Amino acid sequence: LVSEKRPRGEAFGLTLVGFETRVRQTAAGHQDSQLEIKRFQVDVQKPPMPILASVESPVLRLDCAREDVAARDTILRRIAVQLGRLEVTADDALLLEATEVL
């Protein structure tokens, strides 16, 4: 986070579990793509603390169908996004930092 009052850096860690992608393309040039993430967690490094975590699986599912992949224009025939429940943890210091930045 960078603030005009106190520029500094923060280190975050990201853990992904069960990251899967599938792509299927037909001879006609249509493409179906799926992306799924089973679980994830974001941790601030100092002090060590989880700040965002998934509480159900999958936490993210994306399904997309694309027309003519050889064309210059991208035409998405279908797109669906499913987002699972997330849990946020914030202590007083994190809330104070967020209010200073915003």
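All values derive from a computational prediction rather than experimental measurement.

Thoughts on the nonpolar core
Ile37, Phe40, Val42, Val44, Met49, Ile51 and Val59 form the largest nonpolar core, which has seven residues in total. Within the residue set of this core, elements represented by two or more residues are β2 (31-44) and β3 (49-54). In terms of residue count, the dominant contributor to this core is β2 (four residues). When near neighbours in sequence (up to four residues on either side) are disregarded, Ile51 contacts Phe12, Val42, Asp43, Val44, Glu87, Val88, Thr89 and Leu94.

Notes on the environment of Arg24
With respect to the secondary-structure elements, Arg24 resides in strand β1 (residues 12-25). By relative accessible area, which is 52% here, Arg24 ends up exposed. Measuring from C-alpha to C-alpha, the distance between Arg24 and Ala65 comes to 9.6 Å, with 41 residues separating the pair along the chain. Setting aside anything within four residues of it in sequence, one finds Arg24 in contact with His30, Gln31 and Asp32.

Examining the confidence of the model for the protein chain
Per-chain confidence: the protein chain averages 86 in pLDDT, with 91% of residues scoring 70 or above. Considering each helix and strand of the protein chain separately, the mean pLDDT is smallest for helix α1 (residues 92-101), with a value of 76, and largest for strand β4 (residues 60-66), with 96.

Focus: a nonpolar patch on the surface
On the surface, a nonpolar cluster with roughly 320 Å² of combined accessible area is contributed by Leu14, Leu16 and Phe19. With respect to the helices and strands, the residue Leu16 is situated in strand β1.

As for unusual backbone geometry
Omega for the bond connecting Ser57 with Pro58 falls within 30 degrees of zero, at -5 degrees, which places this linkage in the cis form. Mapped onto the secondary structure, Pro58 falls in the loop between β3 and β4.

Considerations on the environment of Leu52
Within the secondary structure, Leu52 sits in strand β3. What makes Leu52 partly exposed here is its relative accessible area of 24%. A C-alpha to C-alpha distance of 4.6 Å links Leu52 and Val88, two positions 36 residues apart in sequence. If sequence neighbours within four positions are ignored, Leu52 has contacts with Phe40, Gln41, Val42, Leu86, Glu87 and Val88.

How each quantity is defined
Residues numbered from 1 in each chain as written. Predicted model: local features only at pLDDT ≥ 70, side-chain atom pairs only at ≥ 80, totals over all residues. Heavy atoms only, no water. Core = buried A, V, L, I, M, F, W, Y, C linked by side-chain atoms within 4.5 Å. Buried < 20%, exposed > 50% of the residue type's maximum accessible area, 1.4 Å probe, protein only. Helix = DSSP H or I, 4+ residues; strand = E, 2+ residues; numbered from the N terminus. Contact = heavy atoms within 4.5 Å. pLDDT = per-residue confidence, 0-100. Patch = residues over 30% accessible without salt bridge, like charges linked within 9 Å, V, L, I, M, F, W, Y side chains within 5 Å. Areas by Shrake-Rupley, 256 points an atom, 1.4 Å probe, with all protein chains shown as cover. Salt bridge = Lys/Arg side-chain N within 4 Å of Asp/Glu carboxyl O.

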